[in-house]
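Structure assessment
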Amino acid sequence: TLPIAWTLDRLLGQEMQSMYTKHEIMEIISEHEDSADSPIDEDEERIVHGALQFSHTTVREVMTPKEKVVMFEEQKRLTDDFFESVTTLGFSRYPVYSGSRENIVGILFTKDLLTEDDDIALNKTDDAFEKGFIVARPGEMLDIVLARMLKKHQHMCIVKNRNDNFMGVITLEDIIEEIIQQEITDEDDEV
C-alpha cells in the first residue's frame, strides 16, 4: 500500500487538514451534547463554549467598577471594628489606597491579618499588605490578563485606563466565571 499511497499523494497532493472555526467547534459540541449517545453533558458544553469565547471578552465587560469596590485607606488601623467589617464583607483581598481612592498603593490579604499586631496601620503590617500588584487596561482581552495573573501568581488586578486613572478591579474568580459560564458562590456570598 505504501507505493500506492505515495503515487496518490504525488498525483492528488497532500490531504488537506480539517480546520474548524470556534463557532463550528461550538456547534459540534452542542450537537454532541444533544445526542443521547454522546458522553458530553450540559456542563461540559457550557464550559467548552465559555473557554472558546472568553478570549474575545474585555476586562471592561467583566471587572468590578470602582464605585462597587470595597477598599481601605493605608492608614486604617487594625481595630476590632476593622476586623468585624472585614469578616462581614467576606473578601480575601482589598485594594489599599493612599489619600484618594484613585491612588491605589497595594493589596490587603485578609488571611495574613491573623498574625498581625493590633492597632497598627495597614501599611505597617508585616505580611498582610503587598505593594506589588498587576495593572490591567479596560480594553485588554481576558486571556491576556489571565496569563499575566497566572505568571505573577496574583488573584487580583487593578484596572486603570491609559491616563492611569483607577477604573476598578478584576479577579481570577471573575475570569473563571466567564470560562465556566456560571457564578461561583462560596460560604460568604449572599444567595
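Described below are features of the structure shown in this document. (Residues numbered from 1 in each chain as written. Predicted model: local features only at pLDDT ≥ 70, side-chain atom pairs only at ≥ 80, totals over all residues. Heavy atoms only, no water.)

1. Points about the overall build of the protein chain
- Tallying secondary structure elements over the protein chain gives 7 helices and 8 strands in all.
- Since a compact globule built from 191 residues should have a radius of gyration of about 16 Å, the 24 Å found for the protein chain marks it as more spread out than a globular shape.
- Structurally, the protein chain occupies a C-alpha span of about 85 × 40 × 30 Å along its principal axes.
- The proportion of buried residues among the 191 residues of the protein chain is 35%.
- At a minimum sequence separation of 6, the contacts of the protein chain that also span at least 24 residues come to 55%.
- Counting only carbon and sulfur atoms, one obtains 52% of the accessible surface of the protein chain, whose full area is about 12800 Å².
- On the protein chain, the mean spot of the 19 positive side-chain charges and the mean spot of the 42 negative ones are 12 Å from each other. (Helix = DSSP H or I, 4+ residues; strand = E, 2+ residues; numbered from the N terminus. Rg over C-alpha atoms; globule rule 2.2 N^0.38 Å. Buried < 20%, exposed > 50% of the residue type's maximum accessible area, 1.4 Å probe, protein only. Contact = heavy atoms within 4.5 Å. Areas by Shrake-Rupley, 256 points an atom, 1.4 Å probe, with all protein chains shown as cover. Lys, Arg positive; Asp, Glu negative; His and termini not counted. Charge placed at Lys NZ, Arg CZ, Asp CG, Glu CD.)

2. Overview of the sheet that holds strand S2 (residues 72-73)
- Within the open sheet, the 4 strands sit side by side as S2-S3-S4-S5. Their pairing is mixed. The sheet is open, and its two borders are formed by S2 and strand S5 (129-130), each paired with just one other strand.
- For strand S3 (residues 93-98) and strand S4 (residues 100-109), the ladder comprises 6 bridges, and the chain directions are antiparallel. In the strand pairing of S4, proline 95 is matched with isoleucine 107. (Pairing = 2+ DSSP bridges.)

3. A word on the packing of helix H3 (residues 42-53) against helix H7 (residues 172-180)
- Relative to each other, H3 and H7 sit at 120 degrees, their axes nearing to 6 Å. Classified by the angle between their axes, H3 and H7 sit oblique to one another. Contacts from Arg46, Ile47, Gly50 and Ala51 of H3 reach H7 at Glu178, Ile179 and Ile180.
- Among the residues making up the contact of H3 with H7, the classes are represented as 4 nonpolar, 1 polar and 2 charged. (Axes fitted to C-alpha atoms, helices over the stretch in contact; angles between N-to-C directions. Parallel < 35°, antiparallel > 145°, perpendicular 65-115°, else oblique. Nonpolar A, V, L, I, M, F, W, Y, C, P; charged D, E, K, R; others polar.)

4. Comments concerning the pairing of strand S7 (residues 156-160)
- By the criterion of burial, S7 is predominantly enclosed, with 5 of the 5 residues buried.
- In S7, alternate side chains face the same way, and those of Met156, Ile158 and Lys160 on one face and Cys157 and Val159 on the other are all buried.
- Bridge count between strand S6 (residues 134-136) and S7: 3 bridges; the pairing is parallel. The partner of isoleucine 134 across the bridge, within S7, is cysteine 157.

5. Quick notes on the nonpolar core
- Grouped together as the largest cluster of nonpolar side chains are 16 residues, with contacts concentrated most on Val59, Leu142, Val145, Met149, Cys157, Ile170 and Ile175.
- When contributions to this core are tallied by element, the ones reaching two or more residues are helix H4 (59-62), S6, helix H6 (142-152), S7 and H7.
- If you tally residues by element for this core, the top one is H6, at 4 residues.
- In this structure, isoleucine 170 is in contact with Val59, Val62, Met63, Leu142, Met149, His155, Met156, Cys157, Val159 and Ile175, ignoring residues within four places of it in sequence.
- One finds Leu78, Val96, Ile120 and Ala128 within the second-largest nonpolar core, a separate group that totals 12 residues. (Core = buried A, V, L, I, M, F, W, Y, C linked by side-chain atoms within 4.5 Å.)

6. With respect to helix H1 (residues 2-12)
- By the criterion of burial, H1 is predominantly exposed, with just 0 of the 11 residues buried.
- Positive backbone phi, approximately 90 degrees, marks glycine 13, located one or two places after H1.

7. Considering the packing of aromatic side chains
- Tallied over the full model, the rule gives 4 aromatic pairs.
- An aromatic cluster is built from Phe72, Phe82, Phe83, Phe91 and Tyr94, whose rings are joined through pairwise contacts. (Phe/Tyr/Trp six-rings, centres within 6.5 Å; stacked < 30°, edge-to-face > 60°.)

8. As for the sheet that holds strand S1 (residues 64-65)
- Sheet architecture is open: 4 strands sit in the order S1-S8-S7-S6, paired in mixed fashion. Bordering the open sheet on either side are S1 and S6, each of which pairs with just one other strand.
- Sheet topology note: the S7/strand S8 (residues 166-171) ladder contains 5 bridges and is antiparallel. Note on S8: the bridge partner recorded for lysine 160 is phenylalanine 166.
- The strands touched by H7 are S1 and S8; relative to S8, the strand with the most contacts, the crossing angle is about 65 degrees.

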